[in-house]
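Structural characterization, general
Read off the chains here:
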Amino acid sequence: MSAHAAHTDDHAGHGHDDHHHNPGFLRKYVFSTDHKMIGLQYGLTAMGFLLFGFFLMIVMRWSIAYPHKPLPEILSWLFTDTWKARWLQDGKVTGETYNMFGAMHGTIMVFLGIVPLGFGAFGNYVTPLQIGAPDMAFPKLNMASYWLYLLGGLIMCGSFFMESGAAKSGWTNYSPLAGFADGQIVNQWLAGQTQWLIGLVCLISSSLLGSVNFITTIINLRARGMTWMRMPFFVWAMLVTGFLLLLAFPPLEAAGIMQLMDRVAHSSFFMPSGLFTKSEGLADISGGGSPLLFQHLFWFLGHPEVYVLLLPSIACVAEIIPVNTRKPLWGYKAMVYGVLVLGFLSFIVWAHHMYLTGMGPIVSTWFQTTTVLISVPSVILLTSMFISLWGGSIRFTPGMIWACAFLPMFGIGGLTGLPLAFNLADLHLHDTYYVIGHFHYVVAPGILFGLFAGVYHWYPKVTGRHMSRTLAHLHFWPSLICMNLIFFPMLVQGMAGFHRRWYNGGDAYLMAKDSTNVFANIVRHNIEMNELMSWAAFAMAVAQIPFILNLFGAKFFGKKVESDNPYNATTLEWATPTPPGHGNFLTEPVVYRGPYEYSRPDCENDFLPQWEEPKRALPEGEPAEPTTPPAAPAAH
């Protein structure tokens, strides 16, 4: 018997005896080993961190638009008077505070927000359901992964209240700047920069545990009949994401530990000889380290990390489009092979972030070539989803409107990245707002729109109720408009030369009295966009209120689902009770066909679920025989 069959047979017949499975409050809601509850824990925690990271951005946008005005009370109520006295100057954001908020905004949104929401929440909840598994392969490891993630996040965010404040060396944490940061603190273990590294090690360890769990689950716990090419694209994306995390995070964890040793044990892995600082003069360190080594280790993770962010979002959209167009996913096999190639190429493009480090023409040509090549599988994924819309009977559900908006927004993010692939263009655009605009078009209206689509789409399965369509539209349209008003002007400012780290938005150039100062004149012509972008950010904050009300209110007041499969979908998660109980399935699931069998001319309905047993035409008078289920996949 295969591993698949053995595991599912063990759980068959008692998977949903919920009245016999009452682990108590703590085991059910806090220290749960159920993949669904862990997915919800990841999701709610990640949304909380996203909200905090968004708040930091709002404060930064105020500083950029109004550098000479104190923070309004609505933005400063979160801080104590002691904190304000230490980090604000007459109520205004200083350069040091801006650097702190900038570093922590990037860290929180990437490591504590989007990755846990996409991979941790959606991956944990949906993947076992879609492959017909009763749970993840290692439930206790799954629980440990979540608690390590939460611990790392609390350590990082708790550093705001330390004497040194939180980390201030950017979310990339480059040495030697990060090695010297908070040097005035006697006990370096209690410095914000050190706490950032400790938190990072916890987060990476969490991701490694999760990646091993996902890979093992997908390979070994598929239901009978769930062959590789019968897996939904969502599962393929999670499998590739798991390998990306498993292979790319260890180098950064090693770098984090080495940088930690540079700070607390006076080693010099990344600290070169001959460093001179204004406050201390010639640095008293052993020296001999390489700052570029840290950059290589960071970006070897950094670019696969972009696809760790992106693939769960694409996976959500790829599941939503077929359901709401009533058509198969166009180019399913091309998308599967494309995502596999994307995962491979993501490991050989990292140094396009490092063109300014002085690499020679041969090395830069190699990375320019691989960076352009990686756009090919991305285009395959995007084009397949666009073509899937063609000729479909589209149902504009709340999830579908977010999925449709994801496609052009992600397209803009990808297209604006192409100039950065070439070192000649990157020399001028590096560290400008163009890079910020490009990256945020991918991450904010791109990735987050896909994840919002997933929340609206699977909410009925998770809770048994639909989210409000009215509140969903009040959330969607202002968010779509505000996102573009925030990030498109950044592309314009970036091409004008605006630097990404100006805490006053370039206000100092307005003081230049020399009319022949060309750059100052360019700044004058474009600086008014700062206020437009900031007010768009403030409006976008307001636009999230309907979502928060919808997310929690629909659980109690939303319209109840009328069946376990309210969308008439075809993948296995819709074969479970709503919401799924302990063990997920009432009976052992068996898969008979691919994941996107919609609008088949030989079927009465416009959908044919994976679990529906095929009907066999019998000669007249022949008694019906039970259909033999397909053989289980070979044991792995």
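Quick look at the structure, then. From a predicted model like this one, the values you see are computed outputs, not experimental measurements. (Residues numbered from 1 in each chain as written. Predicted model: local features only at pLDDT ≥ 70, side-chain atom pairs only at ≥ 80, totals over all residues. Heavy atoms only, no water.)

Take the pattern of salt bridges next. The tally for this structure, following the rule as stated, stands at eight salt bridges. A salt bridge links E588 to R224, with the nearest nitrogen and oxygen atoms 3.0 Å apart. Here the residue E588 occupies a position in the segment after α21 (545-557), and R224 occupies one in the loop between α9 (192-220) and α10 (233-264), the gap between them amounting to 364 residues. Assessed through its relative accessible area of 24%, R224 is described here as partly exposed. Here D606 ties to R326 by a salt bridge, and the two come within 3.0 Å at their closest N and O atoms. In this pair, D606 sits in the segment after α21 while R326 sits in the loop between α11 (291-325) and α12 (332-345), placing the two residues 280 residues apart along the sequence. Note on R326: relative accessible area 5%, which makes it buried. A single salt-bridge network, built from bridges that share partners, covers D431, R500 and R501. (Salt bridge = Lys/Arg side-chain N within 4 Å of Asp/Glu carboxyl O. Helix = DSSP H or I, 4+ residues; strand = E, 2+ residues; numbered from the N terminus. Buried < 20%, exposed > 50% of the residue type's maximum accessible area, 1.4 Å probe, protein only.)

The next thing to look at is empty space enclosed by the protein. Summed over the entire model, instances satisfying the criterion amount to three cavities of 30 Å³ or more. In this structure, the largest cavity spans a volume of roughly 180 Å³. Along the walls of the largest cavity sit 17 residues, with Y42, V115, P116, S206 and S207 positioned nearest its centre. Of all elements in the fold, only α6 (95-131), α7 (139-158) and α9 reach the threshold of two or more residues within the lining of the largest cavity. The greatest single-element share of the lining of the largest cavity, amounting to six residues, is contributed by α6. (1 Å grid on protein atoms, 1.4 Å probe; cavity = no way out; pocket = protein on both sides within 12 Å on 5 of 7 lines; lining within 4 Å. Points joined across faces, edges and corners; volume = space filled by probe spheres on them.)

Now for the nonpolar core. If you look at the biggest cluster of nonpolar residues, it comprises 182 residues, and the most contacted ones within it are F101, M104, F111, F233, L252, M385 and F406. Each residue touching F101, except ones within four places of it in the same chain, is listed here: L56, V59, M60, F79, W83 and F160. (Core = buried A, V, L, I, M, F, W, Y, C linked by side-chain atoms within 4.5 Å. Contact = heavy atoms within 4.5 Å.)

A few words on the layout of surface pockets. For the second largest pocket, the calculated volume is near 1,300 Å³. In terms of lining, the second largest pocket is formed by 44 residues, of which the most central are K36, M37, L40, Y125 and V462. Taken together, the elements giving at least two residues each to the lining of the second largest pocket come down to α1 (3-11), α2 (25-30), α3 (35-65), α6, α17 (433-463) and α21.

Looking now at the packing of aromatic side chains. If you walk through the whole model with that rule in mind, you get 48 aromatic pairs. The interplanar angle of 10° and the centroid separation of 5.5 Å between the aromatic rings of F406 and F410 together place this pair among those described as stacked. Taken together, the positions of F406 and F410, both in helix α15 (residues 398-417) and four residues apart, correspond to about one turn of that helix. The buried category is assigned to F406, whose relative accessible area is 0%. The class for F410 is buried, based on a relative accessible area of 8%. On the basis of an interplanar angle of 55° and a centroid distance of 6.4 Å, the ring pair of F449 and F476 is categorised as tilted. Of this pair, F449 sits in helix α17 while F476 sits in helix α18 (residues 469-495), and the two are 27 residues apart along the sequence. Both residues of the pair, F449 and F476, belong to the buried class. Through a chain of ring-to-ring contacts, the aromatic side chains of F52, F55, F79, W83, W87, F101 and F160 assemble into a single cluster. For the cation-ring pair, R86 lies above W87, with the distance from its terminal atom to the ring centre recorded as 3.8 Å. Positioned above the aromatic ring of W228, the side-chain terminus of R222 is 4.2 Å from the ring centre. (Phe/Tyr/Trp six-rings, centres within 6.5 Å; stacked < 30°, edge-to-face > 60°. Lys NZ or Arg CZ within 6 Å of the ring centre and 35° of its normal.)

Okay, α6 next. A rise of 1.5 Å per residue sets the reference length of α6, with its 37 residues, at 54 Å; its end C-alpha atoms lie 50 Å apart and thus fit the reference within 8%. Within α6, 33 of the 37 residues are buried, which leaves the element mostly enclosed by the surrounding structure. Of the residues flanking the end of α6, it is G132, one or two places downstream, whose phi is positive at about 80°. (Expected span 1.5 Å × (residues − 1).)

Another point: a nonpolar patch on the surface. On the surface, F25, L26, Y29 and F31 cluster together into a nonpolar patch covering about 440 Å² of accessible area. Take Y29: it is sitting in helix α2. (Patch = residues over 30% accessible without salt bridge, like charges linked within 9 Å, V, L, I, M, F, W, Y side chains within 5 Å. Areas by Shrake-Rupley, 256 points an atom, 1.4 Å probe, with all protein chains shown as cover.)

A cis amide bond, omega 5°, links S175 with the succeeding residue P176. Along the chain, P176 turns up in the loop between α7 and α8 (177-180). Cis geometry marks the peptide bond from T578 to P579; its omega dihedral reads -10°. You can see P579 is positioned in the segment after α21. In this structure, D182 is a non-glycine residue whose phi angle is positive, near 60°. Relative to the helices and strands, D182 resides in the loop between α8 and α9.

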